[in-house]
Amino acid sequence: MTTDIKKIREEFPILNSRIGDRPLVYFDNTATSQTPQEVVESIAHLYEHTKANVHRGVHTLSQEATDLQEHTRRRVCEYINASGIEEIIFTRGTTEAINLVAASYGGAFFRDGDEVILTVMEHHANIVPWQLLQARHNIRLRVVDIDDEGNLDIEQYKSLFNERTVFASFCHISNVLGTVNPVKEMIAFAHSKGVPVLVDGAQASPHLKIDVRDLDADFYAFSSHKMYGPTGVGVLYGRRELLEKMPPWQGGGEMIKHVSFEKTTFADLPFKFEAGTPDFIDIAAFAKALDFIEKTGLDNIRAHEEDLLEYCTAEMMKIPGMRIFGTAPGKAAVISFLVGDIHPYDLGLLLDKMGIAVRTGHHCAQPLMDRFGIPGTVRASFAVYNTREEVDTFITALKRVISMF
Ligand code: PMP
């Protein structure tokens with residue numbers, strides 16, 4: 001495995017960066033992962049050779065650009081086992097995908113008094129869009145709690161369903177705790193009550209095989225930039241029957257069949273939900289990031305990350321005063337922690353001086369921070385290119401920083 005990782009690292013020139021006089025240790029992969037050279041080069045190549053607006057021209061370049069974008073749509077469709085390309089909508093990211101569903105589905109179909117089930121471990125991207133809807137409809141958000149390890153309280157989840165429940169939306173993997181939620185079981189339960197489900201897959205898609213048909217998800221959202229891909233691209237998978245009955249959420253070019261001042265008709269799926277010029281260069285390059293994941297193998301990625309998680313956790317637990325938030329069995333490779341009463345921001349700042357990139361703060365999950373009664377954490381998270389040697393560097397640096405307080 002070590003030699004493979006060495007080879008993989010060669011594909012990520014940014015990993016050779018130095019922060020001051022220290023080599024970079026990049027442990028902020030939950031926020032965004034790095035991008036292999038092949039993907040970076042494909043973006044430059046597209047700008048040099050194939051930049052033309054998609055879906056508009058008969059000219060050759062426009063058709064080539066369109067083909068490349070639509071190739072990615074087919075790749076994504078296969079990748080998540082959707083039943084057709086009309087179920088794959090390109091967005092700017094997970095956030096936009098969730099906003100689309102909340103505004104379009106919620107805006108059209110929710111009524112005053114309706115209830116939406118979320119969990120306490122949601123990213124703000126899966127909280128605020130539902131709250132924005134409350135300006136239009138007096139809906140109530142019901143929130144599933146966790147235990148102290150970070151496992152969702154599934155019995156409470158089930159008990160929250162009642163005749164007013166119209167929707168459930170929850171993350172597949174928590175970006176703070178690393179908890180992998182039993183989403184298949186949760187979806188099956190929601191469906192037994194006739195309730196559709198959105199899964200926020202931002203943290204699952206880089207680590208797990210996603211099969212939307214096996215999960216039976218109604219909506220599944222994720223972002224390219226967390227999957228070794230370019231920024232500015234996300235995907236909303238939606239079940240065709242639901243997408244068909246949902247109204248468009250943004251109006252503009254590309255999403256129409258015919259426009260007149262008297263009456264406008266809308267394009268077929270998926271274009272009905274893709275108003276304006278998409279980020280067609282990055283969408284095209286996203287296919288190369290999927291190639292990278294498939295070539296590396298999700299099983300290999302997961303096994304390597306689990307090894308780092310286990311090793312790093314064991315080393316961290318030897319440090320007096322260490323508190324790790326999120327210890328659910330089978331968790332993903334994310335370690336959120338605090339040491340004694342040292343402020344996470346101070347820890348993060350000093351670790352950066354030693355070349356180590358970790359994230360500090362509330363991680364866009366303030367309700368979860370409130371649940372633990374803390375202002376924030378430091379978060380180290382791993383990707384396939386990280387190594388045990390980097391973990392050693394991190395642990396040494398962490399001990400040094402702690403000794404300064
Ligand atoms: N949900 C989760 C669980 C996340 O971790 C993130 C990104 N931190 C998002 C949603 C939002 O993703 P994006 O910023 O790419 O839209």
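Per chain, the residues get numbers from 1 upward, laid out in the order the sequence is written. This being a predicted model, a pLDDT of at least 70 is required before a residue's local features are given, and a value of 80 or more before pairs of side-chain atoms are given or counted; all residues contribute to the totals for chains, interfaces and linings. For the side-chain quantities, the full set of heavy atoms in the structure was used; hydrogens and water were omitted.

Enquirer: How do you make sense of the sheet that holds strand 9 (residues 219-223) when you look at a structure like this?
Expert: Adjacent strands of a sheet form backbone hydrogen bonds with each other and so pair up, either parallel or antiparallel. The pairing criterion is simple: DSSP has to find at least two bridges between the two strands. The way it works is that DSSP assigns letters per residue, a run of H or I at least four long becomes a helix, a run of E at least two long becomes a strand, and they are numbered from the N terminus. Strand order in the open sheet formed by seven strands is 4-10-9-8-7-5-6, with mixed pairing between adjacent strands. Each edge of the sheet is formed by a strand with only one pairing partner; in this case those strands are strand 4 (88-91) and strand 6 (140-144). Direction aside, the axes of adjacent strands within the sheet are offset by 20° on average. In the sheet, strand 9 pairs with strand 10 (residues 234-238) via five bridges, with the strands oriented antiparallel. The partner of serine 223 across the bridge, within strand 10, is glycine 234. Here a residue-residue contact requires only that any non-hydrogen atoms of the pair lie within 4.5 Å. Structural elements are reduced to axes, namely lines fitted to C-alpha atoms, with helices fitted over the stretch in contact, and the angle between N-to-C directions of any two is expressed from 0 to 180 degrees. Against the sheet, helix 3 (residues 60-79) touches strand 4, strand 9 and strand 10, its axis set at about 120° to strand 4.

Enquirer: Looking at this structure, how should I read the side chain of aspartate 114?
Expert: On the secondary structure map, aspartate 114 appears in the loop between helix 4 (94-109) and strand 5 (115-119). The side chain of aspartate 114 is buried and forms no salt bridge, while arginine 111, the nearest opposite charge, is found at 6.4 Å. A distance of 2.6 Å separates a polar side-chain atom of aspartate 114 from the backbone nitrogen of arginine 111. Setting aside its immediate chain neighbours within four residues, aspartate 114 contacts Phe109, Asn138, Ile139, Arg140, Arg164 and Val166. For each residue, the accessible area found with a 1.4 Å probe, counting protein chains only, is set against the maximum for its type, and the residue is called buried under 20%, exposed over 50%, and partly exposed in between. In this tally, Lys and Arg are treated as positive and Asp and Glu as negative; His is ignored, and so are the chain termini. Basic side-chain nitrogens of Lys or Arg form a salt bridge, by our definition, when they fall within 4 Å of a carboxyl oxygen of Asp or Glu. Two N or O atoms form a polar contact when they lie within 3.5 Å of each other; inside protein one atom must be a possible hydrogen donor and the other a possible acceptor, and for residues adjacent in sequence the pair counts only when both atoms belong to side chains.

Enquirer: What's the story with the site of the ligand in this structure? I'm lost.
Expert: Surveying the vicinity of the ligand reveals the residues Gly93, Thr94, Thr95, His123, Ala125, Asn175, Asp200, Ala202, Gln203, Ser223, His225 and Lys226. Interatomic distance of 2.6 Å between a side-chain N/O atom of threonine 95 and an oxygen atom of the ligand. For the ligand, a nitrogen atom lies 2.8 Å from a polar atom in the side chain of lysine 226. Shrake-Rupley sampling with a 1.4 Å probe provides the accessible areas, and residues are treated as covered by the protein chains on show and by no other component. The fraction of the free accessible surface of the ligand (390 Å²) that becomes covered by protein chains is 85%. By convention in these notes, a residue is near a molecule or strand provided one of its non-hydrogen atoms lies within 4 Å of it.

Enquirer: Mind showing me how you'd approach the pairing of strand 7 (residues 165-171) here?
Expert: Side-chain direction in a regular strand flips from residue to residue, so the side chains alternate between the two faces of the sheet. The element strand 7 is extensively covered by neighbouring structure, given that six of its seven residues are classed as buried. In this structure, strand 5 lies alongside strand 7, joined through three bridges in parallel fashion. Across the sheet, residue valine 116 finds its bridge partner in strand 7, namely phenylalanine 167. Pairing analysis gives four bridges linking strand 7 to strand 8 (residues 197-200), with the strands arranged parallel. Along strand 8, the bridge assignment pairs cysteine 171 with aspartate 200. The handedness of a crossover follows from its direction of travel: if, with the strands pointing away from the viewer, the path from the first strand over the helix to the second runs clockwise, the crossover is right-handed. Taken together, strand 7, helix 7 (residues 183-192) and strand 8 constitute a β-α-β crossover, and its handedness is right-handed.

Enquirer: Just to check I follow, could you spell out the pairing of strand 8 for this structure?
Expert: Burial of strand 8 is two-sided: the residues Val197 and Val199 facing one way and the residues Leu198 and Asp200 facing the other way are all buried. Sheet topology note: the strand 8/strand 9 ladder contains three bridges and is parallel. Of the residues in strand 9, the one forming a bridge with aspartate 200 is alanine 221.

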